[in-house]
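Chain and residue survey
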Amino acid sequence: MPVHTDEAVNASILGEMLEGRSYRYDPVDRHGPTLYYATYPVVRALGAHSIGDLEAWELRLIPAVLGAGLLCTLALFQPAFPPSALLASALWLGLGAPFVYYGRYWIHETLLVLLTFLLLGFSWRFARTFRKGWAIAAGLAAGALLATKETSVLTLASALGALVLTLPLCLPGARPRRTGVALGIAMGIAAAALASALLFSSFGQNPGGIADALAAMVHATKRAGGQGHEKPPSAYLAWLLDPSLRSRPYCGWTLAAFGLVGAWSAWQRRRDEPLPVFMGLFALLVLAVYSAIPYKTPWLLLNALAPWALIAGIGFNKVCAALKGDLRVALACALVAGVTGLLASETWRLCFVFPADPGNPLAYSPTSPDIRRLEARVEGLVSEGGSRAPIVAVVGSDIWPLPWYLRHCPNVGYWPELPRSPEATVVISEAAQSERVSRALGPGWRSEIFGLRPEVLAALFHRAPGESGIGRKGP
Amino acid sequence: MPTPTPSKINALFRATFLAIASLSLGLPPAAHAEDLVPLKLDLPRPMFVGTPVPVKLPNLEAPRAGRRSDFMVPKGVVNLALNKKVTSSDMEPVLGDLTLITDGEKAGDEGNYVELGKGKQWVQIDLTKAYKLYAIVVWHFHSQARAYKAVAVQVSNDPDFATGVETLFNSDDQNVLGFGAGKDPTYIETYEGRIIDAKGDSARYVRLYSSGNTTSEMNHYIEVEVYGLP
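Residues numbered from 1 in each chain as written. Chains lettered and ligands numbered in written order. Predicted model: local features only at pLDDT ≥ 70, side-chain atom pairs only at ≥ 80, totals over all residues.

Before going further, it helps to examine the overall build of chain A. Tallying secondary structure elements over chain A gives 18 helices and five strands in all. For 475 residues, the compact-globule formula gives about 23 Å, and the C-alpha radius of gyration of chain A, at 25 Å, lands near that figure. With the C-alpha coordinates of chain A rotated into their principal frame, the extents come out at 80 × 55 × 40 Å. Counting every position in chain A, which comprises 475 residues, the buried fraction comes to 52%. In chain A, 76% of the contacts between residues at least 6 apart in sequence involve partners at least 24 apart. (Helix = DSSP H or I, 4+ residues; strand = E, 2+ residues; numbered from the N terminus. Rg over C-alpha atoms; globule rule 2.2 N^0.38 Å. Buried ≥ 20, exposed ≤ 12 C-beta atoms within 10 Å, placed from the backbone. Contact = placed C-beta atoms within 7 Å.)

Encoded structure:
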């Protein structure tokens, strides 16, 4: 799977850290630092000292491990969710196409979902035991959650909303035990504030990052308006439930079907066990909030799907329990095999056969495989230059994820427009500037066209090393 | 996080559209000028629109202003490929089937194109007997701005294309196909299709090659028309 634009941007930020610059939170153009801090020690241990040393599999190892960690967090929700229901939930979380697909993307979403589950799980443990250690753990998870991505505020608001709805529905007239509860909550909030402050301030190296994190809410509000990613409110349900060119959405269909059974079952037992009701309401509120916001990307759906998978697990458990007769076990095994097969077939097609195909609903503005041909062409041209490595000039603003694919080039520079005097023997231009670049370069240059993303093209200009007729210096 | 936005996509979409709209071939076929008439094509509706931005690259089609120039063919030419048998290097297409290539339907919607596997692939049309050919028109895919790689068109009377092969078009400048580096320009697909001059060559078989495109590694065909005198 080619490296996505967002992964390339993240890699550039990590590359700066590897070269010795500390992470500095930018409220306009960056998400929080936790993903980079989680990745940095791993890639350093693997020997990386710059972006040029990084390989895609090293970066993608992180979300894969985080995704496995998400499965482990399910244990926190016992006994409100019985082990058999949690195992069924693990089917979707471990095998469902959206989870596997974005579990291979080195972006913030899998980490965000993991931290959400940790927060909910630790909070649930605190609610059951009133032990302050759980409250502090929940606070640390909340702090890390806040420092992962701005959308964490929506997660926290949805959780609070679900709690407000759940308490009167499930525990009417109940009064919280006062002793130690307020103190535990206060300690949790303090832990959250401390953790997020430490992370946003780059562990004290950039105190201004804390204020920037608050300012980021203004920018996030603007971004929620769409910024080119506007979709109708039904977009998430369409991504989840509509058949695509490349596969039927078995994950979405099974989650919906078993989730409805699970929701009904949870409602029936709401007085005995309120957590499943909370989880279902939380999933629905997250989906409603994200659907109401014009800005939509398919990976945001994970935030609603993950808690809903717990409800689907209850539904699956309920269906299995309803099976009667001598063939009960055989039928249950057949059901497990059937759901597993359906999930695996969709995941295989979307994640491994057509991962970057425009007909794949999970592939949002994917990098075109053609970029590997461009990478190979540039590397070939660079190697032809021998000891006098040619300068590669990249022209334009919409050139991502080229910085990732050109990370091995020794002399590469990026310009918004073709500079007057680059001594470049290889020029890559965004399509919109290709005519101007072609004119500026003059005769004697060959050009080839390559795809960066669907409908986003770039032109490669090249000539033999030493024949460049334009200028001398790069930036 | 600068996830590429549709507005940016649209900008480059527009940027490429003039290049797309640059299929101005006015090459006269081998016939007497007084017998020539413009080739009339039944074009599908455009699948994408945008304000064209000039894109000029030395070996990408030059921008064209206005409608495509008439392509002159002898009076009486017909589409000899309609409903003719198609074979391929990929006889089990990923999407659709090979009959779509000569079924006369050129709309760019889903269900109207055949998708062949990754990398170098070809399709071959058997016209059932040799005809004098004047134009071959190919629609690979036109619901999105994309260029197909290593496009080559050959005609022959040998079904194996081992002998008597005439190459009519070759944009394979990296010689992926092994026919030598092609000199024809890469072009961006549109609803107008690509007209290739068949030069009045006599042939029974038409073979079209490609090796992926700028968006994916797959190969697509909506329709191929072969114009000649019956």
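Having put the structure on the table, let's press on.
For the rest of this paragraph, the subject is the environment of Leu111(A). All names here are of chain A. One can find Leu111 in helix H6 (residues 109-129). When the C-alpha atoms of Leu111 and Leu61 are compared, they prove to be 12 Å apart, with 50 residues separating the residues in sequence. If we ignore the near neighbours within four places in the chain, the residues touching Leu111 are Thr34, Leu35, Ala38, Leu66 and Thr148.

Another point: helix H13 (residues 274-292) of chain A. Residues spaced three or four apart along an α-helix point in a common direction, a consequence of the helix completing one turn every 3.6 residues. Taking 1.5 Å as the rise per residue, H13(A) with 19 residues should run 27 Å; its terminal C-alpha atoms sit 27 Å apart, in good agreement. Along H13(A), 15 of the 19 residues are buried, which leaves the element largely enclosed by surrounding structure. (Expected span 1.5 Å × (residues − 1).)

A separate point is the sheet that holds strand E5 (residues 456-462) of chain A. All names here are of chain A. Ordered by their spatial adjacency, five strands build an open sheet running E2-E1-E3-E5-E4, and the pairing between neighbours is mixed. Where the open sheet ends on each side, the last strands, each with one partner, are strand E2 (412-415) and strand E4 (446-453). Each strand axis lies, on average, 20° off the axis of its neighbour in the sheet, ignoring direction. When strand E1 (residues 391-395) meets strand E3 (residues 424-430), the two strands line up parallel, connected through five bridges. Within E3, the position partnered with Val392 by the bridge is Val426. Taken strand by strand, helix H16 (residues 370-384) contacts E1, E3, E4 and E5, and its axis lies near 140° from that of E4. (Pairing = 2+ DSSP bridges. Axes fitted to C-alpha atoms, helices over the stretch in contact; angles between N-to-C directions.)

Here we take up helix H4 (residues 83-95) of chain A. Over its 13 residues, H4(A) extends 18 Å from the first C-alpha to the last, a length consistent with the 18 Å expected when each residue adds 1.5 Å. Turning to H4(A), its buried residues are Ala85(A), Leu86(A), Ala88(A), Ser89(A), Leu91(A), Trp92(A) and Leu93(A).

A word on the domain arrangement of chain A. Residues and elements named next belong to chain A. The domain architecture assigned to chain A consists of domain 1 (5-353) and domain 2 (370-462). A separation of 39 Å is found between the C-alpha centroids of domain 1 and domain 2. Across the contact, seven residues belong to domain 1 and six residues belong to domain 2. Taken together, the residues of the side of domain 1 that touches domain 2 sort by class into four nonpolar, three polar and no charged. (Domains from an automatic or database assignment. Nonpolar A, V, L, I, M, F, W, Y, C, P; charged D, E, K, R; others polar.)

Here we take up the nonpolar core. Core analysis: the largest hydrophobic core is formed by 204 residues, its most contacted members being Ala141(A), Val392(A), Ala135(B) and Ile136(B). For this core, the element with the most residues is H6(A), which contributes 13 residues. No fewer than three residues from each of domain 1 (5-353) and domain 2 (370-462) of chain A sit in this core. Dropping the residues within four chain positions of it, Ile136(B) is found in contact with Val153(B), Leu168(B), Ile196(B), Ala198(B), Val206(B), Val224(B) and Val226(B). (Core = buried A, V, L, I, M, F, W, Y, C linked by C-beta atoms within 7 Å.)

This brings us to the confidence of the model for chain B. When pLDDT is low, close inspection of the predicted coordinates is not appropriate. Residues and elements named next belong to chain B. Scored by pLDDT, chain B comes out at a mean of 81, with 75% of its residues at no less than 70. In the model, residues 4-31 has pLDDT below 50 throughout and makes 100 contacts with residues more than four positions away in sequence or in other chains. Quick note on the complex model: pTM equals 0.85, ipTM equals 0.80. (pLDDT = per-residue confidence, 0-100.)

A few words now on the environment of Glu448(A). Summarising the element assignment, Glu448(A) is placed in strand E4. Among the residues examined, Glu448(A) registers 22 C-beta atoms within 10 Å and is labelled buried. With eleven residues separating them in the primary sequence, Glu448(A) and Ala459(A) have C-alpha atoms 5.6 Å apart. Not counting residues within four places of it along the chain, the set of residues in contact with Glu448(A) comprises Arg377(A), Leu460(A) and Asp173(B).

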